[in-house]
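Analysis of the macromolecular model
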Amino acid sequence: MSSKGELILGYWDIRGFVEPSRLLLHYTKTPFQNKLYRIGDAPDYSREEWLKEKSTLGLDFPNLPYLIDGDLKLSQSKAILCHLGRKCNLMGKTEHETSMIEQLIDQADDLRRDLNNVCYRAINFEAVKKTFCETTLPTHLKMYDDFLTKHGKKWLLGDQLTAADFQLFEYIDCCWLLSNDTWEEYPRVLKYMKEFREVPELKKYLDGEHEKRPINGKTAKFGGAAVKHEEKKKEEKKPDTNETEAAPIEEKK
Amino acid sequence: MCNIYTLMAQSKGQLTLGYWAIRGLAEPSRLLLHYTKTPYNDEFYVQGDAPEYSRDEWFSKKSKLGLDFPNLPYLFDGDIKLTQSKTILCYLARKYHLMGKNEREEAVISMIIDQSHDLRSELNGVCYHPKEDFATDKQQFIETKLTEQLKLFEDFLKKTGKKWSCSDDITAADFQLFEYIDSCLMLDESIIDKYSHLKNFMKHFREIPELENYLKQEHAQRPLNNKVAIFGGTVIPRNKA
């Protein structure tokens, strides 16, 4: 039970879809209870810790993540992030800015779901990963690099952080861990990520708890344990004559 | 380059909503626009026929519209250009005061919008890329995911006890919830019979005076999904209005 008035944010003990909200809460120094549910080990990967509580919390749509804010109980990671954003005045100063923030949040969410589809892939993982890293991800990164260049601000919408920045940083950081590439073609994105890591209110959390937490659940082919970015040197990247033909990934409708 | 109608619409200060000539993910926004009697231009993109199902009508314009994240649907409103269906719906809702009266209402509306979007995405999976075959996937979807979600929405409506899903006034959540539940019911209209609150909600929505005509005409004549879909790529006759 939380102390009166304290937020409770419930999720697996991973970064997944809730880390943007955790980052926002740490940045704003908002006290909250980080309720963590552990996934059991192989071979069962038991979700009992969550399943036994799932229907006892009074959630209308029992799911992870959830947020309890007084008598308001929310699920859906983006609804949670935007609610916290509104509470902490990080959803823009005008209606146009709010919509830009929501668009960026939704856009980054699409990328994180694409990443999930790769990371949890049991069959053909290497081929699917290759397609993601060589096609899907560059398309997204180029759009963000162009966006940051076009608007020419420190953060996505201006010189102040907004909810969109917590979402974007986290989700491209997860892609960074899978990608093992230099991203030198996206200098503006690299600068953005470097500056985010230096935000004083977040440095300690990012270097500590955040880094030690896996990005995905234990059943994932990639990211089920905490990983570090390991950059391949460009000169070592030689064509592999035995590479599997990448499986085609359907474009979004 | 936009077509001449879009350019005309833009010069009149009219909104333009660009999407495939299907209901898909843009229909909640169309419903909201019709409800608020907002003049707007529907910029339709038509997928080609079998066997190629060409999307060139869209791809040929995709990078020329000045969108930061080129995608369908998109919305032009003056110099505002947006993508992402939920962002567009919420933008329009804020413009026409349909996003709740306070922070708490807005949060619940956002949650309902996201929750019903998840359901529509699952339906898309069944209609476009069944894991086994369509008939098997359809049955499984109805018996598991759809049943589970309809029960949650039913209990939510019952608990909230308001005229509409989130309040006594219609909100963005209602356009989204109606359209996406109705999309699922195209698989089997009788599914809704078990859920009295949802059934009432759907009935009341269809009786909204500002929407009656649109729902019976244009909306009813628009396919649910794109031509390439295994289900819903052509107009499906309804049992009931």
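Residues numbered from 1 in each chain as written. Chains lettered and ligands numbered in written order. Predicted model: local features only at pLDDT ≥ 70, side-chain atom pairs only at ≥ 80, totals over all residues. Heavy atoms only, no water.

1. Description of the sheet that holds strand β1 (residues 15–20) of chain B
All names here are of chain B.
- The strand order β2-β1-β3-β4 describes an open sheet built from four strands, whose pairing is mixed. The two strands at the open ends of the sheet, each matched to only one other strand, are β2 (40–45) and β4 (80–83). Ignoring which end each strand starts from, the neighbouring axes of this sheet average 15 degrees apart.
- Pairing analysis gives six bridges linking β1 to β2, with the strands arranged parallel. Looking across to β2, one finds that Leu-17 is bridged to Asp-42.
- Those strands touched by helix α2 (residues 27–35) are β1 and β2, and its axis lies near 150 degrees from that of β1. (Pairing = 2+ DSSP bridges. Helix = DSSP H or I, 4+ residues; strand = E, 2+ residues; numbered from the N terminus. Axes fitted to C-alpha atoms, helices over the stretch in contact; angles between N-to-C directions. Contact = heavy atoms within 4.5 Å.)

2. Considering the interface of chain B and chain A
- Chain B puts 35 residues into the contact, and the matching count from chain A is 34 residues.
- Carbon and sulfur atoms supply 52% of the area that chain B and chain A bury against each other, a total of about 3400 Å² over both sides.
- The largest contributions to the chain B side of the interface with chain A come from Phe69(B), Arg94(B) and Met111(B), which together make up 21% of the buried area.
- Our enumeration of links across chain B and chain A arrives at five salt bridges.
- Here Glu106(B) makes a salt bridge to Arg86(A), at a shortest N to O gap of 3.3 Å.
- Here chain B is connected to chain A by 14 residue pairs in polar contact (both at pLDDT 80 or more).
- Elements supplying a minimum of two residues to the side of chain B that touches chain A: β4, α4 (85–95), α5 (103–128) and α6 (134–160) of chain B.
- Ranked by residue count, the leading element in the side of chain B that touches chain A is α5(B), at 13 residues. (Buried area = accessible area lost by both parts, 1.4 Å probe. Salt bridge = Lys/Arg side-chain N within 4 Å of Asp/Glu carboxyl O. Polar contact = N/O pair within 3.5 Å; in protein donor to acceptor, adjacent residues only side chain to side chain.)

3. Looking at the pattern of salt bridges
- A complete count under the given rule lists 46 salt bridges over all chains for this structure.
- Arg113(A) is the salt-bridge partner of Asp109(A), the closest N and O atoms lying 2.6 Å from each other. Here Asp109(A) and its partner Arg113(A) are both found in helix α4 (residues 95–119), four residues apart, which amounts to about one turn of the helix.
- For Arg113(A), a relative accessible area of 35% corresponds to the partly exposed category.
- For Lys199(B), the salt bridge goes to Asp193(B), with nearest N and O atoms at 2.9 Å.
- On the accessibility criterion, Lys199(B) (36% relative accessible area) is partly exposed.
- Residue class for Asp193(B) comes out partly exposed when judged on its relative accessible area of 40%.
- Connected through shared salt-bridge partners, Arg23(B), Glu179(B), Asp182(B), Glu189(B), Arg206(B) and Arg238(B) make up one network. (Buried < 20%, exposed > 50% of the residue type's maximum accessible area, 1.4 Å probe, protein only.)

Geometry only, nothing functional implied.
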